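Chain residues, written in single-letter form:
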Amino acid sequence: MDFDIQLARSFPENPILRLYRWKPYCISIGANQSFDEVDKEKADRNNIDLVKRPTGGRAILHSEELTYSVVFPVELNYSAKAIYNEINLALREGLVFYDSLLSKLELEHNQVDFKDFYKEDKSAICFAVSAKSEINFNNKKLVGSAQRKIGKVVLQHGSILCGRYHLNIVDYLNVDESRKDEIRKEISETTIDLKSILHDEINYDFLSECIILGFKKYFNADVDIKEQIL
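Each value, and the rule that gives it
Residues numbered from 1 in each chain as written. Predicted model: local features only at pLDDT ≥ 70, side-chain atom pairs only at ≥ 80, totals over all residues. Heavy atoms only, no water. Helix = DSSP H or I, 4+ residues; strand = E, 2+ residues; numbered from the N terminus. Areas by Shrake-Rupley, 256 points an atom, 1.4 Å probe, with all protein chains shown as cover. Contact = heavy atoms within 4.5 Å. Buried < 20%, exposed > 50% of the residue type's maximum accessible area, 1.4 Å probe, protein only. Polar contact = N/O pair within 3.5 Å; in protein donor to acceptor, adjacent residues only side chain to side chain. Axes fitted to C-alpha atoms, helices over the stretch in contact; angles between N-to-C directions. Parallel < 35°, antiparallel > 145°, perpendicular 65-115°, else oblique. Left-handed = near helix turned anticlockwise from the far one by under 90°. Nonpolar A, V, L, I, M, F, W, Y, C, P; charged D, E, K, R; others polar. Pairing = 2+ DSSP bridges. Right-handed = clockwise from strand over helix to strand, strands pointing away. Core = buried A, V, L, I, M, F, W, Y, C linked by side-chain atoms within 4.5 Å.

A. Main features of the overall build of the protein. Each helix and strand counted, the protein has seven helices and ten strands in total. Entry remark: accessible area of the protein is about 11,100 Å², with carbon and sulfur atoms responsible for 45%.

Set out below in structure tokens:
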């Protein structure tokens, strides 16, 4: 993620797409979120890193997932809000390439009232709710994203859930033990992952190839997407 922000600050002329995974697993918190919301000692004991993202959003346990980042110049006749929507449409295109069953994916049409949502314990978790334009399957969140404008570019991060390990984020929240089981149940009912949808192990290399292909097809000749798989 440090490299992502370096790319954004270099103000590239063309969009850059990067795809990567995490070793060891890692909890990232949003740029405006406090580390106090996470049990750092427990994360250390379980060999889970803890970092702060340069983008917004809430805590994510990066584990069984594919992380994407896009650096997108605003000068390409897109607003930041439009870029958010367009990137998610390109991601959907790539996911459908991976498996045609994913043609059922839809973008969230409604915007949650975050002022009220942030009053809840579960608001510490990114995947607790779908924001407008995020990718859902049968009304459950599959891809979570966050965005930040830096000069004349937008940096957007996101997590494509591939397995259920992300639910363990609840174990690292600094909330009452009595609430953890409730929050875990709530999150399991509002999120979904590719393995659960497809009933098969995820081929991460092929998934990465499909996401790249989806971006190239969606943006066509309008932009030149560069890709890196780490």
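Continuing now.
B. Looking closely at the environment of Ile5. Note that Ile5 resides in helix α1 (residues 2-9). For Ile5, the contacting residues outside a window of four places in its chain are Pro54, Arg148, Ile150 and Leu155.

C. Quick peek at the environment of Gln33. Along the chain, the position of Gln33 falls in the loop between β2 (26-29) and α2 (40-45). In this structure Gln33 comes out as buried when scored by relative accessible area, which is 3%. Put simply, Gln33 and Lys52 are 19 residues apart on the chain and 8.2 Å apart in space, counted from C-alpha to C-alpha. Within the structure, Gln33 has its side chain in polar contact with the backbone nitrogen of Ala59 (distance 3.0 Å).

D. Fine view of the packing of helix α3 (residues 80-98) against helix α7 (residues 204-219). Direction vectors running N to C along α3 and α7 enclose 130 degrees, while the axes themselves pass 7 Å from each other. Taken as axis vectors, α3 and α7 run oblique relative to one another. Crossing hand, α3 versus α7: right-handed. On the side of α3, the interface is formed by Glu86, Ile87, Leu89, Ala90, Leu91, Glu93, Gly94, Leu95, Phe97 and Tyr98, while α7 contributes Phe206, Leu207, Cys210, Ile211, Leu213, Gly214, Phe215, Lys217, Tyr218 and Phe219. In the contact of α3 with α7, the residues fall into 15 nonpolar, two polar and three charged.

E. Fine view of the pairing of strand β3 (residues 49-52). As paired elements, β2 and β3 share four bridges and run parallel to each other. Bridge pairing in β3 links Ile27 to Leu50. Chirality of the crossover, the property in question, places the unit of β2, α2 and β3 among those that are right-handed.

F. A look at the nonpolar core. If you look at the biggest cluster of nonpolar residues, it comprises 36 residues, and the most contacted ones within it are Leu91, Leu95, Leu142, Leu194, Leu207, Ile211 and Phe215. Mapped by element, the contributors of at least two residues to this core are β1 (16-20), β5 (65-73), α3, β7 (135-137), β8 (140-150), β9 (153-161), α6 (194-198) and α7. Broken down by element, this core gets its largest block of residues, seven residues, from α7. Among the nonpolar cores identified, the runner-up in size contains 16 residues, and Leu50, Val170, Val175 and Ile183 belong to it.

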